[in-house]
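# Structural description and commentary
Chain residues, written in single-letter form:
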Amino acid sequence: MVGEPAKPAGEERSMSIAQKYGPWAVIAGASEGTGAAFARLLAAEGVPSVLIARREAPLAALADGIRADTGVECVTAAVDLTAPDALDRIIAAVGDREVGLFVANAGADDNGAYFLDAGIAAWTGQIQRNVMIMTQASYHFGSAMRERGKGGLLLVNSGACYGGSSHMAVYTATKAFMLCFAEGLWAELRDKGVDVLTLVLGRTDTAAFRKLLAEKGQPVPEGIATAEAVAEAGLARLPHGPIHNFGSPDDAGGFGYASPDDRRQRVLAIEAASRAVFGK
Ligand SMILES: NC(=O)c1ccc[n+]([C@@H]2O[C@H](COP(=O)([O-])OP(=O)(O)OC[C@H]3O[C@@H](n4cnc5c(N)ncnc54)[C@H](OP(=O)(O)O)[C@@H]3O)[C@@H](O)[C@H]2O)c1
């Protein structure tokens, strides 16, 4: 495949997920959907996670289920990632555990509104969660990984990262930040033993997506990705950053819009499609 990493394949194959990304993972946005799927998959590989989300009850249920299925003990912490002190609270929950994998999963847009039609706090909270905390946590955990010469940063992204869209102006901007951030970090850490990947998703069957569709009176589309398939692809492609578009080979294009004319046409086409879903 085009763009495969320079590191020797034998080295990757010889290391298990637990050796490469253990002993602990931290998953920001773990209570359901893709975050929970990452936690289950990692536990099956013997890697326990610090599970972060706002709601304690689903986190505890997930940890109980993982313990019952695998014997692996996870830790839970109810933290709102839109709060300015979220990183401090994550660090407190992690304690002295050694973190070999950070997954930035939380990040969906639950507004589906024009920028000027929602309160500004809806947007600044999204920037805090998707940009500030993701950056701070990558710095914090990435520093220790670089020192140890191993680890992974897995940043869950969206096709929205490839250009602005109506109804999602702030969301698309935060995801574009994540795309460029991941590319830069990958280049800086690729020879330090730390894998960086931004996993670009299309429509995925998560509770959050179903809730948004229900609020807009839309049916769940058929044939969309499952959370489990997405998590499997994320872990499998983590050594092959900086980007993986879920469901596409790495040498497939299709997202590039270079000229201002092309980008104008693209944003208008998405505007028309978004109106059909969100109204207005
Ligand atoms: N589903 C899709 O169709 C789709 C498509 C493209 C990209 N993606 C990407 O995939 C990732 C997961 O999306 P998702 O659909 O599962 O929705 P999501 O809203 O990102 O929810 C994922 C997890 O994040 C937690 N979370 C959300 N906001 C949080 C906050 N402020 N503080 C702490 N935890 C928070 C949620 O739990 P709590 O509610 O308990 O906090 C949940 O466990 C996102 O990065 C999204 O951009 C999804």
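The following paragraphs examine the structure supplied in this document. Computed from a predicted structure; not experimentally measured. (Residues numbered from 1 in each chain as written. Predicted model: local features only at pLDDT ≥ 70, side-chain atom pairs only at ≥ 80, totals over all residues. Heavy atoms only, no water.)

Take the pattern of salt bridges next. Here the structure, examined in full by the defined rule, presents 11 salt bridges. Close ionic contact of arginine 237 with aspartate 250 constitutes a salt bridge, the shortest N to O distance being 2.8 Å. Linking arginine 237 in helix α9 (residues 227-237) with aspartate 250 in the loop between β9 (243-245) and α10 (260-278), this pair joins segments that are 13 residues apart in sequence. The exposure class assigned to arginine 237 is buried, which follows from its relative accessible area of 14%. Under the relative-accessibility criterion, aspartate 250 is labelled partly exposed at 22%. Overlapping salt bridges bring together Asp64, Arg67 and Glu73 as one network. (Salt bridge = Lys/Arg side-chain N within 4 Å of Asp/Glu carboxyl O. Helix = DSSP H or I, 4+ residues; strand = E, 2+ residues; numbered from the N terminus. Buried < 20%, exposed > 50% of the residue type's maximum accessible area, 1.4 Å probe, protein only.)

Around the ligand, 29 residues are found, and the nearest of them are Ser31, Arg55, Asn105, Tyr171 and Thr206. Residue serine 31 places a side-chain N or O atom 2.6 Å away from an oxygen atom belonging to the ligand. The separation between an oxygen atom of the ligand and a polar side-chain atom of threonine 206 is 2.6 Å. For the ligand, whose unbound accessible area comes to 840 Å², protein coverage reaches 94%. When residues of the shell around the ligand are traced back to their parent elements, those giving at least two are β5 (151-158), α7 (169-189) and α8 (207-215). Considering every element that reaches the shell around the ligand, the biggest residue donor is β5, with 3 residues. Looking at the shell around the ligand residue by residue, the classes come out as 11 nonpolar, 11 polar and 7 charged. (Near = heavy atom within 4 Å. Polar contact = N/O pair within 3.5 Å; in protein donor to acceptor, adjacent residues only side chain to side chain. Areas by Shrake-Rupley, 256 points an atom, 1.4 Å probe, with all protein chains shown as cover. Nonpolar A, V, L, I, M, F, W, Y, C, P; charged D, E, K, R; others polar.)

Interpretation in functional terms is not warranted from these geometric data alone.
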